[in-house]
Amino acid sequence: MQKQIKRYCTEDQILWTQVIDGNKKALEIIFDMYGSELLTYGFRLCGNIAFTKDAIQDVFVDIWLYRKKLSKEVQVKYYLYRCLRRALFKIMRTSALEPIDFTKIDNLAWIDSSPEMQWIEEESQSIQSKEIVDSINSLSSREREIISLKYYADMKIKEISAVLGIKEQTVANTLQNALIKLRKSLTHLHFLLFLIEL
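Reading the values: rules and limits
Residues numbered from 1 in each chain as written. Predicted model: local features only at pLDDT ≥ 70, side-chain atom pairs only at ≥ 80, totals over all residues. Heavy atoms only, no water. Core = buried A, V, L, I, M, F, W, Y, C linked by side-chain atoms within 4.5 Å. Buried < 20%, exposed > 50% of the residue type's maximum accessible area, 1.4 Å probe, protein only. Helix = DSSP H or I, 4+ residues; strand = E, 2+ residues; numbered from the N terminus. Contact = heavy atoms within 4.5 Å. Phe/Tyr/Trp six-rings, centres within 6.5 Å; stacked < 30°, edge-to-face > 60°. Lys NZ or Arg CZ within 6 Å of the ring centre and 35° of its normal. Salt bridge = Lys/Arg side-chain N within 4 Å of Asp/Glu carboxyl O. Axes fitted to C-alpha atoms, helices over the stretch in contact; angles between N-to-C directions. Parallel < 35°, antiparallel > 145°, perpendicular 65-115°, else oblique. Left-handed = near helix turned anticlockwise from the far one by under 90°. Nonpolar A, V, L, I, M, F, W, Y, C, P; charged D, E, K, R; others polar. pLDDT = per-residue confidence, 0-100. Patch = residues over 30% accessible without salt bridge, like charges linked within 9 Å, V, L, I, M, F, W, Y side chains within 5 Å. Areas by Shrake-Rupley, 256 points an atom, 1.4 Å probe, with all protein chains shown as cover.

1. Here's the deal with the nonpolar core
Core analysis: the biggest nonpolar cluster contains 48 residues, and Ile-30, Leu-80 and Leu-149 have the highest contact counts within it. Within the residue set of this core, elements represented by two or more residues are helix H2 (11–20), helix H3 (24–46), helix H4 (49–65), helix H5 (76–95), helix H7 (127–137), helix H8 (141–152), helix H9 (157–164) and helix H10 (168–185). Setting aside its immediate chain neighbours within four residues, Leu-149 contacts Tyr-41, Tyr-81, Asp-154, Met-155, Ile-160, Val-163 and Leu-164.

2. Brief notes about the packing of aromatic side chains
According to the stated counting rule, one finds 3 aromatic pairs in the structure shown. On the numbers, 5.2 Å between centres and 65 degrees between planes, the contact of Trp-16 with Tyr-79 is edge-to-face. With Trp-16 in helix H2 and Tyr-79 in helix H5, the pair connects residues that are 63 residues apart, well separated along the chain. Note on Tyr-79: relative accessible area 27%, which makes it partly exposed. Taking the centre distance of 5.1 Å and the plane angle of 80 degrees together, the rings of Phe-31 and Phe-60 count as edge-to-face. In this pair, Phe-31 sits in helix H3 while Phe-60 sits in helix H4, placing the two residues 29 residues apart along the sequence. Classification of Phe-60 as buried rests on a relative accessible area of 7%. Over the face of the ring belonging to Tyr-152 we find Arg-44, whose NZ or CZ atom lies 3.5 Å from the ring centre. One cation-aromatic arrangement involves Arg-67 over Trp-64; the distance from NZ or CZ to the ring centre is 3.8 Å.

3. Let's talk about the side chain of Thr-174
Relative to the assigned elements, Thr-174 resides in helix H10. If we ignore the near neighbours within four places in the chain, the residues touching Thr-174 are Arg-142, Glu-143 and Ile-146.

4. Observations concerning the pattern of salt bridges
Counted according to the given criterion, the structure contains 5 salt bridges. For Asp-21, the salt bridge identified is with Lys-72, shortest N-O distance 3.7 Å. Taken together, the residues span a long stretch of sequence, with Asp-21 in the loop between H2 and H3 and Lys-72 in the loop between H4 and H5 at a distance of 51 residues. Residue Glu-145 pairs with Arg-85 through a salt bridge whose shortest N-O separation is 2.7 Å. One end of the pair, Glu-145, is in helix H8; the other, Arg-85, is in helix H5, with 60 residues separating them in the sequence. With respect to class, Glu-145 is no different from Arg-85; both count as buried.

5. A word on the packing of H2 against H3
Relative orientation of the contacting elements H2 and H3 amounts to 140 degrees, with a least axis distance of 8 Å. When the axis of H2 is compared with that of H3, the two are oblique. In this structure, H2 meets H3 at a crossing whose hand is left-handed. Packed against H2, whose contacting residues are Asp-12, Leu-15, Trp-16, Gln-18 and Val-19, the element H3 presents Ala-26, Leu-27, Ile-29, Ile-30, Met-33 and Tyr-34 at the interface. Considered class by class, the residues forming the contact of H2 with H3 number 9 nonpolar, 1 polar and 1 charged.

6. Section: the confidence of the model for the chain
For the chain, per-residue confidence averages 76 on the pLDDT scale, and 71% of positions sit at 70 or higher. The least confident element of the chain, judged by mean pLDDT, is helix H1 (residues 2–8) at 41; the most confident is H9 at 91. For the stretch residues 101–114, pLDDT sits under 50, and the model shows 26 contacts to residues farther than four places along the chain or on other chains.

7. Section: a nonpolar patch on the surface
Taken together, Val-61, Leu-65 and Tyr-66 make up a surface patch of nonpolar side chains, about 290 Å² in accessible area. Following the sequence through the fold, Tyr-66 ends up in the loop between H4 and H5.

So this is what it looks like as structure tokens:
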């Protein structure tokens, strides 16, 4: 029976169980699996790479320190997103960070940095990208966060609801409203380019 249950566990759930049992290597593997994804998400939330790195480190240190109290029944990816979100909001409250400026998203190029990518990014700076950034900045912080989770982190509405701790219907409505606002503020071509980049 136990072997049957293990067959249905995902790799990260198996690793999670190993972390709870005291396997430090399993925690390192989870960090390797989700570290850059969490860094991107965190940076989009607060716009500060140093605070994001500190928050991620705090999350993983807390997981290790409190591993015996953790539930074995979690969806690891969404648990990490939620913990990072809480850690960042705590840091943001104590340090009085400025509101998120989505023009800083361009600074994420270092994650996928190559001479070709740098050249393409430099060449792609244009009026179109300014309009897209202005349109995104016109959204509320909640709308930007939901757009980020939906299209950058590739989460479903149910998963976004779990991460943000709000109802699924609220997520769906907010996402729909944000997309309507973007459609109104961008020309048809610009909106398609925006979705392609996501």
